Amino acid sequence: MGSNPKESEDMDFRVGGLISRSNTFVDWAHGHLKDGDEIRIVVCEKAKVSKPKKSRTESERTKKKRKLEYLKRLAKELSYEIKPA
């Protein structure tokens, strides 16, 4: 939280992942949190998992664009210059 008690920060949580062989992002749960909330996670191996509430497959074009944006942010952070090939 900020130093001013009237300031508020958004806090949220998300339980999800990536099925790498198909480039599919999955989400099982997400929500907003407030001061005092608790989250309990139990990790266990199951033969079958519950179906995700949301899923989306990332196209190769979108994947390339996301990687390029990440590379630009990282280059800026490290004071590197990217030169086109």
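Anything mentioned here points back to the structure above.
Numbering of residues starts from 1 in each chain and follows the order in which that chain's sequence is written. Under the rules for a predicted model, residues below a pLDDT of 70 receive no local features and side-chain atom pairs below 80 are neither given nor counted, while totals for whole chains, interfaces and linings still include all residues. Side-chain calculation: all heavy atoms of the structure are included, whereas hydrogens and water are not.

(A) Structural context of the layout of surface pockets. Think of a 1 Å grid over the protein atoms and nothing else: a 1.4 Å probe that fits but is trapped marks a cavity, an open set flanked by protein within 12 Å on at least five of seven lines marks a pocket, and residues with an atom within 4 Å of a point count as lining. Grid points are joined across faces, edges and corners, and a volume is the space filled by probe spheres set on the points. A volume near 150 Å³ is recorded for the largest pocket. Forming the boundary of the largest pocket are V42, C44, K46, K48, V49 and S50. All amino acids are sorted into three groups, where Ala, Val, Leu, Ile, Met, Phe, Trp, Tyr, Cys and Pro are nonpolar, Asp, Glu, Lys and Arg are charged, and the leftover types, Gly among them, are polar. Among the residues forming the lining of the largest pocket, the class breakdown is three nonpolar, one polar and two charged.

(B) Expanded view of the sheet that holds strand β1 (residues 11-19). Strand order in the open sheet formed by three strands is β1-β2-β3, and the pairing between neighbours is antiparallel. With partners counted over all chains shown, the strands left at the sheet margins are β1 and β3 (54-57), one partner each. The sheet shows a mean angle of 25° between the axes of neighbouring strands, direction not considered. The criterion for strand pairing is that DSSP finds at least two bridges linking the strands in question. Runs of H or I in DSSP of at least four residues are treated as helices and runs of E of at least two as strands, each being numbered from the N terminus. Sheet topology places β1 next to strand β2 (residues 24-33); nine bridges connect them, and they run antiparallel. Directly across from L18, in β2, lies its bridge partner F25. Between N-to-C directions, angles cover 0 to 180 degrees, with each direction set by a line fitted to C-alpha atoms, over the stretch in contact for helices.

(C) Highlighting the environment of R61. Structurally, the position occupied by R61 is in helix α1 (residues 60-77). When the C-alpha atoms of R61 and R21 are compared, they prove to be 16 Å apart, with 40 residues separating the residues in sequence.

(D) Structural view of the packing of aromatic side chains. Note on aromatic pairs: the rings of Phe, Tyr and Trp (six-membered ring only in Trp) are paired at centre separations within 6.5 Å, and the planes decide the class, stacked below 30 degrees, edge-to-face beyond 60, tilted for the rest. Going through the model one piece at a time under the given rule, you end up with zero aromatic pairs. Two conditions define a charge sitting above a ring: the NZ of Lys or the CZ of Arg must be within 6 Å of the ring centre, and it must be within 35 degrees of the ring normal. Here the guanidinium or amino end of R56 rests over the ring plane of F25, the centre of that ring lying 4.5 Å away.

(E) Broad picture of the pairing of β2. Counting the residues that bridge the hairpin from β1 to β2 gives four residues, and of these N23 lies at a positive phi of roughly 55°. Strand direction decides the pairing type here: β2 and β3, joined by four bridges, are antiparallel. Looking across to β3, one finds that D27 is bridged to K54.

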